[in-house]
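What follows is the residue order along each chain.
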Amino acid sequence: MDNATMGDLVMAGFKKLGFIQFTGIEAVDFASGRNVVSMAPRPEHLNHNGDMHAALLFGLAETAAMGASISGIVDLMGETFIVARDGKITYLARAKGELGPFTATSELSEELIAKTRSDIKAQTEIELEVPVIIADSTGKAVASAAFTAVIRPRRK
């Protein structure tokens, strides 16, 4: 299965979630070790300053991170349970609503994907730090984030 088809399947799963439906998060790019998602702000997404609400930026970042964490192991998903354990975000600049859509990019190295695949096959629990950068439509970074994805063998 090619990356575009796999990305469509992953995003279809995400879109079943009420939060994703509320935010309107859309897939941009999906490949092994990479997930890019975007969100065009709607009036209900903006705070009193006309900026994207911080909680929505956090959610956008987490969506990118969790997509990246599974991007190189989709064929092994039946053997694993994946969850975000924690996350941290640093707001770098105002996320002005009129500068949307906002794009969150998360990337993992090929080496980390290979090690993750090996650990899954060995039934070893894994914790990955998954970085994310959020940029506005001009390419300016408005936030950076990191999430810990816990991947463990599925209980039988």
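Residues numbered from 1 in each chain as written. Predicted model: local features only at pLDDT ≥ 70, side-chain atom pairs only at ≥ 80, totals over all residues. Heavy atoms only, no water.

*Asks:* Please explain the pattern of salt bridges as it appears in this structure.
*Replies:* Two side chains bearing opposite charge may form a pair once their charged atoms approach each other closely. Considering all chains together, one arrives at eight salt bridges under this definition. A salt bridge links arginine 42 to glutamate 44, with the nearest nitrogen and oxygen atoms 3.1 Å apart. We note a salt bridge from aspartate 51 to arginine 94, for which the minimum N-O separation is 2.9 Å. One end of the pair, aspartate 51, is in the loop between strand E2 (34–39) and helix H3 (54–71); the other, arginine 94, is in the loop between strand E3 (80–91) and strand E4 (102–107), and 43 residues separate them in sequence. The class of arginine 94 is partly exposed, set by a relative accessible area of 47%. Because the salt bridges share partners, they merge into one network encompassing Asp29, Arg34 and Glu107. (Salt bridge = Lys/Arg side-chain N within 4 Å of Asp/Glu carboxyl O. Helix = DSSP H or I, 4+ residues; strand = E, 2+ residues; numbered from the N terminus. Buried < 20%, exposed > 50% of the residue type's maximum accessible area, 1.4 Å probe, protein only.)

*Asks:* Got a minute to help me understand the side chain of serine 71 in this structure?
*Replies:* Residue position: serine 71 is located in helix H3. The exposure class assigned to serine 71 is buried, which follows from its relative accessible area of 8%. Here the side chain of serine 71 touches glycine 33 through a polar contact of 2.7 Å, landing on its backbone nitrogen. Among the polar contacts listed, one links the side chain of serine 71 to the backbone nitrogen of arginine 34, at a separation of 3.5 Å. Once residues lying within four places of it in the same chain are set aside, the contact partners of serine 71 are Phe30, Ala31, Ser32, Gly33, Arg34 and Ile113. (Polar contact = N/O pair within 3.5 Å; in protein donor to acceptor, adjacent residues only side chain to side chain. Contact = heavy atoms within 4.5 Å.)

*Asks:* Help me understand the sheet that holds E4 in this model?
*Replies:* Each strand in a sheet pairs with another by means of backbone hydrogen bonds, the pair being arranged parallel or else antiparallel. One open sheet accounts for six strands, arranged E1-E2-E4-E5-E6-E3; its pairing is antiparallel. Across the chains shown, the open sheet's two edge strands, defined by having one partner strand only, are strand E1 (26–31) and E3. Between one strand and the next, the sheet's axes are offset by a mean angle of 20°, whatever the strand orientation. In the sheet, E3 pairs with strand E6 (residues 141–153) via 11 bridges, with the strands oriented antiparallel. Bridge pairing in E6 places isoleucine 89 opposite alanine 145. Sitting on the sheet, H3 touches E1, E2, E3, E4, strand E5 (126–135) and E6, and the angle it makes with E3 is about 140°. The sheet strands contacting helix H4 (residues 110–121) are E3, E5 and E6, and the helix crosses E5 at an angle near 145°. (Pairing = 2+ DSSP bridges. Axes fitted to C-alpha atoms, helices over the stretch in contact; angles between N-to-C directions.)

*Asks:* Explain the packing of aromatic side chains to me, please; I cannot follow it from the model alone.
*Replies:* To describe a pair of aromatic rings, you give the distance between the ring centres and the angle between the ring planes. Throughout the structure, instances matching the rule amount to one aromatic pair. On the numbers, 5.1 Å between centres and 65° between planes, the contact of phenylalanine 58 with phenylalanine 147 is edge-to-face. Here the residue phenylalanine 58 occupies a position in helix H3, and phenylalanine 147 occupies one in strand E6, the gap between them amounting to 89 residues. Judged by its relative accessible area of 31%, phenylalanine 58 is partly exposed. (Phe/Tyr/Trp six-rings, centres within 6.5 Å; stacked < 30°, edge-to-face > 60°.)

*Asks:* What's the story with the environment of glycine 50 in this structure? I'm lost.
*Replies:* By secondary structure assignment, the location of glycine 50 is in the loop between E2 and H3. Considering only alpha carbons, one finds glycine 50 and alanine 93, 43 residues apart in sequence, at a separation of 13 Å. If sequence neighbours within four positions are ignored, glycine 50 has contacts with Lys96 and Gly97.

*Asks:* Where do I start with the nonpolar core in this structure?
*Replies:* Within soluble globular proteins, side chains that are nonpolar generally end up buried alongside one another. With 36 residues, the main nonpolar core has Leu60, Val132 and Ile134 as its most contacted residues. Put simply, the parts of the chain that give this core at least two residues each are E2, H3, E3, E4, H4, E5 and E6. No other element matches the nine residues that H3 contributes to this core. Not counting the four nearest positions on each side in its chain, leucine 60 is found in contact with Ile25, Val37, Ser38, Met39, Phe102, Ala104 and Ile134. (Core = buried A, V, L, I, M, F, W, Y, C linked by side-chain atoms within 4.5 Å.)

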